[in-house]
Amino acid sequence: MSGIPRDAHRELRERLGGYALGHGDPAERAAVRAHLDGCTACRAELAELAPVAARLADIDPDHLDETPQAPPGLGDAVLARIAAEERRGPRRVAERRRLRTRIAAGVAAAGIAAAGAGVGWLLRPVPDAGPLEAVPVRIEDADIDARADIVPHTWGVEVKLSGSGFTAGEVYSVTVRESDGDEVPAGAFLGVGPAELDCNLNSPVLRSDATGFDVLDADGSVVLSSRF
Ligand SMILES: [Zn+2]
């Protein structure tokens, strides 16, 4: 962006979203276009915004005035995730900090998306809908009733866990087992007692390497396991 004043660049950059959506009067749009002509960085950013703008155009306008809400349990899920990481024992400080930063960034992005334009949650990426594979579960805690499916994604196995009887307020963590016996963290959730819960837990283990999963209570005891 040689020759372009930094402030002009910053200001124009903030208007790229509106530009991509077709907003702005002709003079404003002309100003953005003029800047785009000379600014590679803003052209690249516009190229990234364009698909989002296209998705917005597909959204049913009848739903635009609905108040967007964060998915129920988002805050709890985040706290559970942090608690599970804390519990996991001695970890390098930098590693924890990185995780916390990532979670905070994710929550911030979610909040911003929810506040923006009344359509925030519709902008979340649509997961690739892989085939559901029902898997057997072995329950070690008589209070728990649960079933599970897994979904083989290109990025790893997703465990879809449904059930009830997980102690209210207790943090449960889930690990996916690899063929070499390693247990890879796949997330955590909070028990809600007798109420039914549906949890999606994502792991970076590919279906071809995954041989099962375990659900551990706050003490680290396995309350439920699956082998497939
Ligand atoms: Zn620029």
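Everything in this summary refers to the structure shown in the same document. Once a new chain begins, its residue numbering starts again from 1 and follows that chain's sequence as written. Predicted model: local features are reported for residues with pLDDT of at least 70 only, side-chain atom pairs are reported and counted for 80 or more only, and whole-chain, interface and lining totals are derived from all residues. With hydrogens and water excluded, all non-hydrogen atoms of the structure serve as input to the side-chain values.

**Observations regarding the sheet that holds strand β8 (residues 210–216)**
Move 1: By definition, two strands form a pair when at least two bridges between them are found by DSSP. Helix and strand definitions here come from DSSP, where helices need a minimum of 4 consecutive H or I residues and strands a minimum of 2 consecutive E residues; each element is numbered from the N-terminal end. Ordered by their spatial adjacency, five strands build an open sheet running β2-β9-β8-β5-β6, and the pairing between neighbours is antiparallel. Edge positions in the sheet fall to β2 (138–139) and β6 (183–190), since each of these pairs with one other strand and no more.
Move 2: Summarising the sheet, strand β5 (residues 171–178) and β8 pair through six bridges and their orientation is antiparallel. Paired with arginine 177 across the strands is glycine 212, a residue of β8.

**Some points on the environment of aspartate 180**
Move 1: With respect to the helices, strands and loops of the structure, aspartate 180 is situated in the loop between β5 and β6.
Move 2: Polar contacts, as used here, are pairs of N or O atoms within 3.5 Å; protein pairs need one atom able to donate a hydrogen and one able to accept it. Residues neighboring in sequence count only if both atoms are side-chain atoms. In terms of polar contacts, aspartate 180 uses its side chain to reach the backbone amide nitrogen of aspartate 182, at 3.1 Å.

**What about the coordination of the zinc ion?**
Move 1: The donor set comprises N, O and S atoms within 2.8 Å of the metal, extended to 3.2 Å for Na, K and Ca; water molecules are omitted, so apparent gaps in a site may simply reflect that omission. Within the protein, the zinc ion binds to His9 (ND1), His35 (NE2), Cys39 (SG) and Cys42 (SG); these donor distances fall in the range 2.0 to 2.3 Å.
Move 2: Given four donor atoms and angles of 101 to 122 degrees at the metal, the environment of the zinc ion is assigned as tetrahedral. By the criteria applied here, four donors are tetrahedral when all angles lie between 85 and 135 degrees, four are square planar and six octahedral when opposite donors are over 155 degrees apart and every other angle lies between 65 and 115, and any other arrangement is irregular.

**Observations regarding the pairing of β5**
Move 1: In terms of burial, β5 is largely enclosed, as six of its eight residues are buried.
Move 2: Of the pairings in the sheet, the one linking β5 to β6 comprises seven bridges and is antiparallel in character. Looking at β6, one finds that valine 176 is bridged to valine 184. A 1.4 Å probe rolled over the protein chains alone gives each residue an accessible area, and that area as a share of the maximum for its type sets the label: buried under 20%, exposed over 50%, partly exposed in between.

**Structural notes on helix α3 (residues 26–38)**
Move 1: Expected helix span is given by 1.5 Å per residue-to-residue step, counting one fewer step than there are residues. For α3, spanning 13 residues, the distance from its first C-alpha to its last is 19 Å, which sits close to the expected 18 Å at 1.5 Å a residue.
Move 2: Listed in full, the buried residues belonging to α3 are Val32, His35 and Leu36. Looking straight down α3, one finds its buried side chains confined to an arc of 105 degrees; they lie on one side. Residues of α3 that are exposed and point over 90 degrees away from its buried face: Pro26, Ala27 and Asp37. Regarding the arc, it is the one traced by the directions from the helix axis to the C-beta atoms.

**What to know about the pattern of salt bridges**
Move 1: Salt bridge, as applied in this entry: a Lys or Arg side-chain nitrogen positioned within 4 Å of an Asp or Glu carboxyl oxygen. Summed over all chains, the structure comprises eight salt bridges.
Move 2: A salt bridge links glutamate 11 to arginine 15; the nearest nitrogen and oxygen atoms lie 2.8 Å apart.
Move 3: The exposure class assigned to arginine 15 is partly exposed, which follows from its relative accessible area of 29%.
Move 4: In this structure, arginine 13 and glutamate 45 form a salt bridge, with 2.4 Å as the shortest nitrogen-oxygen distance. With arginine 13 in helix α1 (residues 6–14) and glutamate 45 in helix α4 (residues 40–58), this residue pair connects regions lying 32 residues apart in the sequence.
Move 5: In this structure arginine 13 comes out as partly exposed when scored by relative accessible area, which is 31%.

**Details of the environment of aspartate 209**
Move 1: Among the secondary structure elements, aspartate 209 is positioned in the loop between β7 (197–202) and β8.
Move 2: With a relative accessible area of 33%, aspartate 209 lands in the partly exposed category.
Move 3: On a C-alpha basis, the gap between aspartate 209 and glycine 156 in space is 9.2 Å, while along the polypeptide they are 53 residues apart.
Move 4: Filtering out sequence-adjacent residues up to four positions away, aspartate 209 remains in contact with Arg177, Glu178 and Ser179. Any two residues whose heavy atoms approach within 4.5 Å are treated as being in contact.

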